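What the coordinates show
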Amino acid sequence: MSFGLARGRQLDITGIGIESADLPDFDREPIIDPRAWFGDRGSLPLEIEIGSGKGTFLVQQAPHQPQVNFLGIEWAGEFFRYAADRVRRNAITNVRLLRADAVEFIRFRCPDAICTVIHLYFPDPWPKKRHHKRRCVQDQSLRDFHRILGNGGEVRIVTDHDEYWQWIEEHAGRAADSFTREPFERGGPSDEIVGTNFERKYRREGRPFHAMILRKR
Ligand SMILES: C[S@@+](CC[C@H](N)C(=O)[O-])C[C@H]1O[C@@H](n2cnc3c(N)ncnc32)[C@H](O)[C@@H]1O
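One structure accompanies this document, and this report is about it.

Now for the overall build of the protein chain. Along its length, the protein chain carries six helices and eight strands. Since a compact globule built from 217 residues should have a radius of gyration of about 17 Å, the 17 Å found for the protein chain is in line with a globular shape. For the protein chain, long-range pairs separated by at least 24 residues make up 79% of all intrachain contacts whose partners lie at least 6 apart in sequence. Accessible surface for the protein chain amounts to roughly 11,000 Å². Of this, 49% is attributable to carbon and sulfur atoms. Here the protein chain holds 34 positive side-chain charges and 32 negative ones, and the gap between their average locations is 3 Å.

See below:
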């Protein structure tokens with residue numbers, strides 16, 4: 001029996017969802033190339049979404065870019081399973097979901113220059129000062145993002161949280177030797193920027209967003 005998001009349905013993540021517990025032991029095989037999870041399609045460009053939640057961005061974006069592979073990394077088991085099942089139900093072949101801490105996976109397990117875009121949409125703001133170290137944007141994580149991006153690759157960031165935005169701007173400023181900062185103005189259907197669940201929810205509430213692209217120098 002499944003509860004919560006599954007609403008009594010058994011979620012099936014076969015062929016789509018990868019649990020970090022099933023990855024090779026770090027001691028035996030520290031570096032893992034997620035492009036291998038796409039089988040014959042593994043040589044196509046890879047984009048990574050950090051904190052993919054219910055998978056709304058992936059499910060709407062991936063079918064528009066069939067020549068790109070998308071990896072969503074989500075640490076909450078319920079969201080991970082829901083998103084992977086949703087990808088399978090929609091018969092989307094260019095998406096995989098990994099259940100893991102994305103920041104750690106990128107830092108410790110990803111090879112250099114494996115992706116073209118890192119999507120970071122409405123990351124948890126962790127507003128309490130003692131929790132700031134849990135934020136996905138840190139000096140170290142920006143160095144790691146830079147390492148796994150190919151030439152000209154980009155990090156796309158959107159948040160509604162003013163104080164986190166200030167934090168991101170400060171970190172981007174310190175990383176100016178590694179990234180150029182560009183505006184992120186993409187408009188999707190109904191003027192959505194990226195169309196994630198949180199964007200739709202906050203848009204209904206009339207909250208303004210902040211967005212930037214950090215392009216690898
Ligand atoms: C506020 S939600 C936004 C979800 C989605 N991006 C959206 O815009 O609808 C943040 C998501 O990121 C996930 N998350 C936060 N930190 C993470 C990390 N280090 N690794 C993987 N997932 C993370 C949370 O579990 C949550 O699902």
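What follows is about the sheet that holds strand β2 (residues 46–50). Across the sheet, which stays open at both edges, the eight strands sit in the order β1-β4-β3-β2-β5-β6-β8-β7 with mixed pairing between neighbours. At either margin of the open sheet sits one strand with a lone partner, and together these are β1 (17–19) and β7 (179–183). Recorded for the sheet is a direction-independent mean angle of 20° between the axes of neighbouring strands. Two strands pair when backbone bridges link them, and strand β6 (residues 149–159) and strand β8 (residues 210–216) are joined in this way by six bridges, in the antiparallel orientation. Each bridged residue has a counterpart across the sheet, and for V155 the counterpart in β8 is L214.

Here we come to a positive patch on the surface. Taken together, the side chains of K128, R130, K133 and R134 make up a positively charged region of the molecular surface. Tracing the backbone through its elements, the reader meets R130 in the loop between β5 (115–121) and α4 (139–148).

Further remarks concern the environment of Y164. One can find Y164 in helix α5 (residues 162–174). Accessibility expressed as a relative area gives 0% for Y164, which makes it buried. A C-alpha to C-alpha distance of 8.3 Å links Y164 and W126, two positions 38 residues apart in sequence. In this view, Y164 contacts P123, D124, P125, R135, C136, V137 and T159; residues no more than four positions away in its chain are not counted. From its side chain, Y164 meets the backbone nitrogen of C136 in a polar contact 3.2 Å long.

We now examine the state of the cysteines. On inspection of all chains with the given rule, the structure shows zero disulfides. No disulfide involves C115; its sulfur sits 7.5 Å from the nearest other cysteine sulfur, which is in C110. Taking relative accessible area as the criterion, C115 reaches 2% and is therefore assigned buried. With no disulfide partner, C136 has as its closest neighbouring cysteine sulfur the one in C110, 14 Å distant.

Thresholds, definitions, all that
- Residues numbered from 1 in each chain as written.
- Predicted model: local features only at pLDDT ≥ 70, side-chain atom pairs only at ≥ 80, totals over all residues.
- Heavy atoms only, no water.
- Helix = DSSP H or I, 4+ residues; strand = E, 2+ residues; numbered from the N terminus.
- Rg over C-alpha atoms; globule rule 2.2 N^0.38 Å.
- Contact = heavy atoms within 4.5 Å.
- Areas by Shrake-Rupley, 256 points an atom, 1.4 Å probe, with all protein chains shown as cover.
- Lys, Arg positive; Asp, Glu negative; His and termini not counted.
- Charge placed at Lys NZ, Arg CZ, Asp CG, Glu CD.
- Pairing = 2+ DSSP bridges.
- Axes fitted to C-alpha atoms, helices over the stretch in contact; angles between N-to-C directions.
- Patch = residues over 30% accessible without salt bridge, like charges linked within 9 Å, V, L, I, M, F, W, Y side chains within 5 Å.
- Salt bridge = Lys/Arg side-chain N within 4 Å of Asp/Glu carboxyl O.
- Buried < 20%, exposed > 50% of the residue type's maximum accessible area, 1.4 Å probe, protein only.
- Polar contact = N/O pair within 3.5 Å; in protein donor to acceptor, adjacent residues only side chain to side chain.
- Disulfide = S-S within 2.5 Å.

Limitation: the analysis is restricted to geometry and does not speak to function.
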